[in-house]
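Observations on the model geometry
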Amino acid sequence: MDGLEEIIGEFLVESHENLDQLDRDLIALERDPSSTALLASVFRTIHTIKGTSGFLAFSVLESVTHVGESLLARLRDGEIALTPGLTSLLLEVVDAVRSLLTSIEHSGNEGSETYDDLVARLSAVLDGQQPAEPAAAAPVADAVEGIVQATVEAVEVTDAPVTPVTPVNPEPVVPVAPVLEVVPQLEPAAAEAVVQAPVEEDHGEGRRSVADSTIRVDVALLDSLMNMVGELVLTRNQMQQRVATREDVELARTTHRLNLVAGELQEGVMKMRLQQIDTLWSKLPRVVRDLSMQLGKTVDLVLHGRETELDKTILEAVRDPLTHLVRNSIDHGIESPADREAAGKPATGTLSMRAFHEGGQVNIEIVDDGAGIDPVKLRDKAVAKGLMDRETASRLNDKESVNLIFTPGFSTAEGVTNVSGRGVGMDVVRTNIERIGGAIDLTSEPGRGTTVRIRIPLTLAIIPALVVAAASNRFAIPQANLLELVRLDATQAATAIETVHGSPVYRLRGRLLPLVDLREQLDLPDVERETTYIVVLKADNQQYGLVVDDILDTEEIVVKPLGHHLRNLPGASAAPERSGQRARQAVDTETVYAGATIMGDGAVALILDATALARRAGMSPESELGAGTVTGAETGEAAASILLVELGDGRRAAIEVSAVDRLEEIERGRVERAGHHEVVQYRDQILPLVRLDHVLHGDGGHPGLSTLQVVVCRQGEQRAGVVVAAILDIVETTLDTRTPLDSTGGAGSAVVSGHVTELVDISQVFAGLPSADRLARTA
Amino acid sequence: MSQYCTFTLDRHLFGVPVSSVQEVLRAQGLTRVPLAHEDIAGLLNLRGQIVTSLELRSRLGLEPRDEGAPSVNVVVKTPDGGVVSLVVDEIGDVLEPSRDSFETPPDTVPTTIRDLVTQVCKLDDHLMLLLDTERAVTPGGTS
């Protein structure tokens, strides 16, 4: 269905409803002609239909309602009094409108009837004449019969059917001409009215009219229906589990049927709650227009995927974030026409929005072709605002930098406008999106524009979840957070998981994945595990592995809120101190549970909030590798995660994990040369290799090794492979025993794990390297 | 004259108005909530509704129940229209003591109990402590 048809459809439904009301109002009005409220209501209804029909270019409908409206305006203003004759005329208008609507509904146009006579008669009344009762009675006998009979005057003049207008209350200035004009047009109109009647009936049998095929339903009713369907799904799950243990074929068959019906019912009810995103978007053109006018910019709004449907609750939840993002794009993103032309772009900016379904989620993209976001500026801002120190900021790559915009208290607007830029907003946007289980991501190319991607679930009420176990408790994890599952047996776990100082890390395809033990986070007793199950989760733009005892099943769960006793669970700080040696990063009192659900066997299971769990484990959203817990916080110096490596001559060195992208093993044969540098082709890029021995002025090469141990480091957008003899471990340490001793390539030495270890200043490593671009050209 | 639903906790007899009790459940599987306050016994499935269960012994500052000792869930209505379950040792009779047998709690009643007990009812052979359910189910009252 295209946009216009849809608008017409809505117009028809609405108008049909209004017409019924109009009928009742007019009849009531006749009994109580002095009621201004009724008159106002009638006037409004006709006015609405007139307005919309004008907009939709239904000219006949418009002209009929227009004169009807004018007449009603006179009535409303008390200029003329309502007589039964007038009421009939008005009812005739209603009938005309109704038949026009029917015609529009079936054929898409107004049909051949032009209702000129009706318009003329109405105009005549407007010109000061009283309507003729018989004229109304004769041609449209059915519609106005009752009124005619009730009107004594009308009965008296029925002898003269060809005189349509009889001035019952003759005034001196009755123009005669218009009255006569009306006469010849009257008969064909009557004839057509008769012919039309059976045709309408045919239509009625053939297909349901729009007004009959839709009903408006209270959202509360839908919600309660949804709840009941939720219960049904739960009961079905319970039943299925029971049936699986029995050998009753008949019962199994019945259950299967129940399963199908419940599934379809669930889908149907869910569909009932779906609304097109256009119900939100339809307000945007106005927002964009007003805002761009105000700011002296010209912006084209392009909308794709208007028909994308999502749950009403979710639609409501994204309303404000979306509007905010649009305002932001126009205010901060798109430049003034002069600036745009100076930058060689068309003066008119484009803001395009795209909505589509993908993988059971709804994606919404907001793309502008404005100035984009300067990552350097954001980093500076973050430092200036005291959100992070310069060192941390300098390690952020550009993508991480632009996503700083979501940090609470962050605003880049140099001047505060009344549109946006008051420092609240983007963090609230993210909070709102995440509250409904969505994720938001921002990419920007300075000078080219900004793209914001939002992914939100289709519905909130029933979600697919993974059921895991920890210490005989079952927990549900929403599938939306789930990336993959890893199973390690005891021997694999021993080598694949590096655990030092409570900061376990798993190398998932060479990438360091911080591990979070569910038992530990929930203060459940520790246990020796035969098999380690890692649930790889994504939350807050970061990934981590949740270590659980067992992975049980996937199940459709109905999310139920927790009672107010459990809304604000005490965080670790408030919990009794366990053993005292572990000081957790301060956790706010946010609960790690997103709700609870009832499992197939009727037991209650808690739903884990992956984001809250990551926060509780002390992972900072800024650093992908910011793993684990903080130890030795009492020394006052912040602990750092460092990667311990060995050099060719047996010396040890340490690289900060936050600068480490991945750990790779690269075959010696893949190493090529570009200029004076050793390079390797790595992920469609040329990765320069740096021998850490050379940086630290060591003597050792790496004799005879067929593979090189490479630590891929990152500084901003630049990457380099640091070649070491061996990768030893990842440790958390405060580096309190420090000396300035080093071999000019490092940042001093410290005692780490009982060995003197040189600290590598990663910027030193990058200092001697050509940029990736230059390297590409050299090659 | 009003009726009171009675139950025992660590040898004390408690009573709550019958009108505030929705139902009494025996042998309910509770789902523990890690990290939750110690007053919270867990969650139970009451015909599809998830109900928070409070350990009344802990709420009143009494000794914890012996491992494996039986317990009963008394589901009471909360002021906000919901329900909360109170875990007690044993359910007793419904009593209908005369109005003049009530008194304010004497000093002999431990303070932790007195906070949640509005009145004491003198029965023939022992005392019934009238529990203020509204306060008992209000979170954070003990901290």
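Everything here concerns the structure above.
Here is a short report on the structure shown in this document. Just so you know, these numbers come straight off a predicted model, no measurement behind them. (Residues numbered from 1 in each chain as written. Chains lettered and ligands numbered in written order. Predicted model: local features only at pLDDT ≥ 70, side-chain atom pairs only at ≥ 80, totals over all residues. Heavy atoms only, no water.)

**Considering the overall build of chain A**
In terms of regular secondary structure, chain A is built from 26 helices and 30 strands. In chain A, which comprises 779 residues, the proportion classed as buried is 47%. At a minimum sequence separation of 6, the contacts of chain A that also span at least 24 residues come to 67%. If you sum the accessible surface of chain A, you get close to 37,200 Å²; carbon and sulfur atoms cover 52% of it. (Helix = DSSP H or I, 4+ residues; strand = E, 2+ residues; numbered from the N terminus. Buried < 20%, exposed > 50% of the residue type's maximum accessible area, 1.4 Å probe, protein only. Contact = heavy atoms within 4.5 Å. Areas by Shrake-Rupley, 256 points an atom, 1.4 Å probe, with all protein chains shown as cover.)

**Things to note about the interface of chain B and chain A**
In many analyses, interface size is given as the accessible surface area lost on bringing the parts together. The interface is formed by 22 residues belonging to chain B together with 25 residues belonging to chain A. When chain B packs against chain A, close to 1,800 Å² is buried across both sides, 69% of that on carbon and sulfur atoms. Contact with chain A buries area across many residues of chain B, yet Pro34(B), Leu35(B) and Ile50(B) alone supply 35% of it, more than any other trio. The interface formed by chain B and chain A holds zero salt bridges in total. Along the contact surface separating chain B from chain A lie two residue pairs in polar contact (both at pLDDT 80 or more). Sorting the residues of the side of chain B that touches chain A by element identifies strand 4 (40–46) and strand 5 (49–55) of chain B as the ones contributing at least two each. (Buried area = accessible area lost by both parts, 1.4 Å probe. Salt bridge = Lys/Arg side-chain N within 4 Å of Asp/Glu carboxyl O. Polar contact = N/O pair within 3.5 Å; in protein donor to acceptor, adjacent residues only side chain to side chain.)

**Some points on a nonpolar patch on the surface**
On the surface, Leu4(A), Ile7(A) and Phe55(A) cluster together into a nonpolar patch covering about 310 Å² of accessible area. By the secondary structure assignment, Leu4(A) is in helix 1 (residues 3–31). (Patch = residues over 30% accessible without salt bridge, like charges linked within 9 Å, V, L, I, M, F, W, Y side chains within 5 Å.)

**Things to note about the sheet that holds strand 14 (residues 531–539) of chain A**
All names here are of chain A. Judged by pairing direction, the sheet is mixed, and its six strands sit side by side in the order 10-14-15-13-12-11 without closing on themselves. In the strand order of this sheet, the two ends are held by strand 10 (482–489) and strand 11 (497–498), each with one partner. In terms of strand pairing, strand 13 (residues 511–517) meets strand 15 (residues 542–548) through three bridges, oriented parallel. Along strand 15, the bridge assignment pairs Val-516 with Leu-546. (Pairing = 2+ DSSP bridges.)

**A word on the sheet that holds strand 17 (residues 593–598) of chain A**
Pairing between the strands of a sheet comes from backbone hydrogen bonds, and it takes one of two forms, parallel or antiparallel. Residues and elements named next belong to chain A. Overall, mixed pairing links the five strands, which are arranged 16-8-9-18-17 in an open sheet. The open sheet terminates on both sides in strands that have one partner only, identified here as strand 16 (550–558) and strand 17. Direction aside, neighbouring strands of the sheet carry axes that sit 35 degrees apart on average. Here strand 17 pairs with strand 18 (residues 604–608) via five bridges, running antiparallel. Across the sheet, Tyr-593 pairs through a bridge with Leu-608, a residue of strand 18. Contacting strand 8 (462–470), strand 16 and strand 17, helix 11 (residues 219–244) crosses the sheet at an angle of about 145 degrees to strand 16. (Axes fitted to C-alpha atoms, helices over the stretch in contact; angles between N-to-C directions.)

**Here's the deal with the pairing of strand 7 (residues 449–457) of chain A**
Residues and elements named next belong to chain A. Among the nine residues of strand 7, seven are classified as buried, and the element is accordingly described as predominantly covered. As defined by bridge partners, strand 6 (residues 439–445) adjoins strand 7 across seven bridges and the pair is classed as antiparallel. Opposite Glu-445, over in strand 7, you have Gly-449 as the bridge partner. Counting the residues in the hairpin turn of strand 6 and strand 7 gives three residues, including Gly-447, whose phi is positive at 85 degrees.

**So, the side chain of Thr757(A)**
Of note, Thr757(A) is situated in strand 30 (residues 755–760). Looking at Thr757(A), the relative accessible area reads 0%, which means it is buried.

**Digging into the pattern of salt bridges**
A side chain of one charge can pair with a side chain of the opposite charge when the charged atoms of the two come close. If you walk through the whole model with that rule in mind, you get 29 salt bridges over all chains. Here Lys50(A) makes a salt bridge to Glu69(A), at a shortest N to O gap of 2.8 Å. Pair noted here: Lys50(A) is in helix 2 (residues 36–55) and Glu69(A) is in helix 3 (residues 59–76), with a separation of 19 residues, a long-range link. Exposure class is identical for Lys50(A) and Glu69(A). Each is buried. Ionic pairing is found between Glu758(A) and Arg651(A), a salt bridge with its closest N-O pair at 2.6 Å. In this pair, Glu758(A) is assigned in strand 30 and Arg651(A) in the loop between strand 19 (640–646) and strand 20 (652–656), connecting sequence segments 107 residues apart. In this structure Glu758(A) comes out as buried when scored by relative accessible area, which is 11%. A relative accessible area of 21% means that Arg651(A) is categorised as partly exposed. One continuous salt-bridge network, built from bridges that share partners, spans Asp10(B), Arg11(B), Glu55(B), Arg57(B), Arg65(B) and Asp89(B).

**Describing the packing of helix 14 (residues 284–295) of chain A against helix 15 (residues 312–333) of chain A**
All names here are of chain A. Two elements in contact, helix 14 and helix 15, have axes separated by 10 Å at closest approach and are oriented at 25 degrees. The pairing of helix 14 with helix 15 is recorded here as roughly parallel in orientation. Remark: the crossing between helix 14 and helix 15 carries right-handed chirality. When helix 14 is examined against helix 15, the residues Leu-284, Val-287, Val-288, Leu-291, Ser-292 and Leu-295 are found in contact with a partner set consisting of Val-326, Arg-327, Ile-330 and Asp-331. Split by residue class, the contact of helix 14 with helix 15 holds seven nonpolar, one polar and two charged. (Parallel < 35°, antiparallel > 145°, perpendicular 65-115°, else oblique. Left-handed = near helix turned anticlockwise from the far one by under 90°. Nonpolar A, V, L, I, M, F, W, Y, C, P; charged D, E, K, R; others polar.)

**Focus: the nonpolar core**
Counting 70 residues, the largest nonpolar core has Leu518(A), Leu546(A) and Leu131(B) as its most contacted members. The residues touching Leu546(A), leaving out its near neighbours within four places in the chain, are Ile477(A), Val516(A), Leu518(A), Tyr533(A), Ile534(A), Val535(A), Leu537(A), Leu608(A) and Leu613(A). (Core = buried A, V, L, I, M, F, W, Y, C linked by side-chain atoms within 4.5 Å.)

**Here we look at helix 2 of chain A**
Residues and elements named next belong to chain A. Here helix 2 contains 20 residues, and its C-alpha end-to-end distance of 28 Å stays within 8% of the 28 Å for a straight helix at 1.5 Å per residue. Within the sequence span of helix 2, burial applies to Leu-38, Leu-39, Ser-41, Val-42, Phe-43, Thr-45, Ile-46, Ile-49, Lys-50, Thr-52 and Ser-53. Ala-57 sits one or two positions beyond helix 2 and adopts a positive phi of about 60 degrees. (Expected span 1.5 Å × (residues − 1).)

**With respect to the packing of aromatic side chains**
Residue and element names in this part refer to chain B. Taken as a whole and judged by the stated rule, the model has two aromatic pairs over all chains. Judged by centre distance (5.5 Å) and plane angle (55 degrees), the rings of Tyr-4 and Phe-102 are tilted. Of this pair, Tyr-4 sits in strand 1 (residues 4–9) while Phe-102 sits in strand 9 (residues 102–103), and the two are 98 residues apart along the sequence. Just as Tyr-4 is buried, Phe-102 falls in that class too. (Phe/Tyr/Trp six-rings, centres within 6.5 Å; stacked < 30°, edge-to-face > 60°.)

**Digging into the environment of Pro321(A)**
All names here are of chain A. In this structure, Pro-321 sits in helix 15. Through-space distance from the C-alpha of Pro-321 to that of Arg-430 is 8.0 Å; in sequence the pair is 109 residues apart. Apart from the residues within four sequence positions on either side, Pro-321 is in contact with Val-429, Asn-432 and Ile-433.

**Overview of unusual backbone geometry**
All names here are of chain A. For Ala-57, which is not glycine, the phi torsion reads 60 degrees and is therefore positive. Relative to the elements of secondary structure, Ala-57 occurs in the loop between helix 2 and helix 3. Using a relative accessible area of 62% as the deciding quantity, one classes Ala-57 as exposed. The backbone of Asp-523 sits at a positive phi, close to 55 degrees, despite the residue not being glycine. Looking at the element boundaries, Asp-523 is found in the loop between helix 22 (518–521) and strand 14. For Asp-523, a relative accessible area of 28% corresponds to the partly exposed category.

**Thoughts on the environment of Arg519(A)**
Residue and element names in this part refer to chain A. One can find Arg-519 in helix 22. On the basis of relative accessibility, which here comes to 8%, the residue Arg-519 falls in the buried class. Separated by 46 residues in sequence, Arg-519 and Asn-473 place their C-alpha atoms 9.9 Å apart. Those residues in contact with Arg-519, other than ones at most four positions away along the chain, are Ala-470, Ala-471, Leu-524, Pro-525, Asp-526, Val-527, Arg-529 and Asp-549.

**Notes on the side chain of Thr133(B)**
On the secondary structure map, Thr133(B) appears in helix 3 (residues 133–136). Residue classification places Thr133(B) among the buried residues on the basis of a relative accessible area of 12%.

**Focus: the environment of Val402(A)**
Residue and element names in this part refer to chain A. Within the secondary structure layout, Val-402 lies in helix 19 (residues 398–402). The exposure class of Val-402 is buried, given its relative accessible area of 2%. Note: C-alpha distance between Val-402 and Asp-374 (28 residues apart in sequence) is 7.4 Å. If sequence neighbours within four positions are ignored, Val-402 has contacts with Ile-373, Pro-375, Leu-378, Leu-442 and Ser-444.

**Some points on helix 15 of chain A**
Residue and element names in this part refer to chain A. In this model helix 15 runs 29 Å from its N-terminal to its C-terminal C-alpha over 22 residues, within 8% of the 32 Å that 1.5 Å per residue would give. The largest bend along helix 15 measures about 35 degrees and falls at Val-318, with the proline Pro-321 one to four residues further on. Within helix 15 the residues assigned to the buried category are Ile-314, Leu-315, Val-318, Pro-321, Leu-322, Leu-325, Val-326, Asn-328, Ser-329, Ile-330, Asp-331 and Gly-333. (Bend = angle between axes of the 7 residues up to and from the residue.)

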